[in-house]
Amino acid sequence: MTDKPEPSPPAVREAAAPDTAEIAAVLGRAFDDDPVWSWLLPDRASRVRRLAGLFEIMLRRVHLPHGGTELAGRGARTQAAALWDPPGHWRVPLGMQMAQALPLLRVLGARMPTSLRTLGVIEKHHPREPHWYLAVLGTDPPAQGDGLGSALLRSRLDRCDADGVPAYLESSKEINVPYYERFGFTVTRELALPGRGAPPIWLMWREPGA
């Protein structure tokens, strides 16, 4: 009897504009059960569609131009993605916010004011020290547990360590906090979001080499 060969590591590559729709669809499904987005978009029947639309806007107008978005998968399909912003580029300029207003209204509908207020509170607590910002990390539910998220994290964090640059993220799931801690992140604050029934998020920082 021979041992089964170890599975090959998932392929990780930088995302490009033609990948946008596929990444957005994956992230829409990945965040369907997210506590914050479940609270912001309580209509479950339309949540995945709305989230995919939101992530498509974020990718096209914010993250892809910065060159920090990566995708991963086994085989030809995209199964996970990480949306990173380089130091000094995490804040969305006011002009870009205004340009996104109408597309966001189409996606968020009546929940747009609450969503923008919530995101504004999160941004207010964003650290000012230069860092790589992990805005979004998500894996298609059928592929979760297959090492895709870990491969995406290692891809960027190895470069953070080589360059001596910290990293930062906000975890909207308490169950994910120990996962990020295994990669050297530590909780700096549990942040209560405004609004009745709003869930908390966990702000996490990582020093290079942690």
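See the structure shown above.
Every value quoted in this text rests on a predicted model; they were computed, and no experiment measured them. (Residues numbered from 1 in each chain as written. Predicted model: local features only at pLDDT ≥ 70, side-chain atom pairs only at ≥ 80, totals over all residues. Heavy atoms only, no water.)

Caption draft 1: Structural detail: the pattern of salt bridges. One pass over the full model with this rule turns up 9 salt bridges. A salt bridge links D33 to K173; its shortest N-O distance comes to 3.1 Å. Here K173 lies in the loop between strand 5 (167–171) and helix 7 (177–181) and D33 lies in the loop between helix 1 (20–30) and helix 2 (35–40), a separation of 140 residues in the sequence. Here D161 and R206 are joined by a salt bridge, their closest N and O atoms 2.8 Å apart. Of this pair, D161 sits in helix 6 (residues 148–163) while R206 sits in strand 7 (residues 200–206), placing them 45 residues apart in sequence. For D161, a relative accessible area of 29% puts it in the partly exposed group. (Salt bridge = Lys/Arg side-chain N within 4 Å of Asp/Glu carboxyl O. Helix = DSSP H or I, 4+ residues; strand = E, 2+ residues; numbered from the N terminus. Buried < 20%, exposed > 50% of the residue type's maximum accessible area, 1.4 Å probe, protein only.)

Caption draft 2: Examining the pairing of strand 2 (residues 69–73) more closely. Counted residue by residue, strand 2 has 5 buried out of 5 residues, so it is predominantly covered. Because side chains alternate across strand 2, one face comprises the buried residues T69, L71 and G73, and the other comprises E70 and A72, equally buried. Where strand 1 (residues 11–14) lies against strand 2, 4 bridges are found, and the strand directions are antiparallel. Residue V12 lies in a different strand from strand 2, and its bridge partner there is A72. Two strands pair when backbone bridges link them, and strand 2 and strand 3 (residues 80–85) are joined in this way by 4 bridges, in the antiparallel orientation. Within strand 3, the residue paired with E70 across the bridge is A82. Where strand 2 folds back on strand 3, the antiparallel hairpin that results is connected by 6 residues, among which G75 adopts a positive phi of roughly 95°. (Pairing = 2+ DSSP bridges.)

Caption draft 3: Main features of the side chain of H131. Position of H131 relative to the elements: it lies in the loop between helix 5 (112–124) and strand 4 (132–139). Classification of H131 as buried rests on a relative accessible area of 1%. Within the structure, the side chain of H131 is placed 2.8 Å from the side chain of H126, a separation counted as a polar contact. Here the side chain of H131 touches E129 through a polar contact of 2.5 Å, landing on its backbone oxygen. Other than its neighbours up to four places away in sequence, H131 contacts D85, P86, P87, W90, H126, V165, P166, A167, Y168 and W205. (Polar contact = N/O pair within 3.5 Å; in protein donor to acceptor, adjacent residues only side chain to side chain. Contact = heavy atoms within 4.5 Å.)

Caption draft 4: Up close: the environment of L71. Mapped onto the fold, L71 is located in strand 2. A C-alpha to C-alpha distance of 12 Å links L71 and R154, two positions 83 residues apart in sequence. In this structure, L71 is in contact with A11, V12, R13, A15, D19, I23, T78, A80, A81 and L152, ignoring residues within four places of it in sequence.

Caption draft 5: Spotlight on helix 5. Counted at 1.5 Å a residue, the expected span for helix 5 with its 13 residues is 18 Å, and the 18 Å between its end C-alpha atoms agrees. Of the residues making up helix 5, those classed as buried are M112, T114, S115, T118 and I122. Around the axis of helix 5, the buried residues are gathered within 165° of arc, so they sit on the same side. (Expected span 1.5 Å × (residues − 1). Arc of directions from axis to C-beta.)

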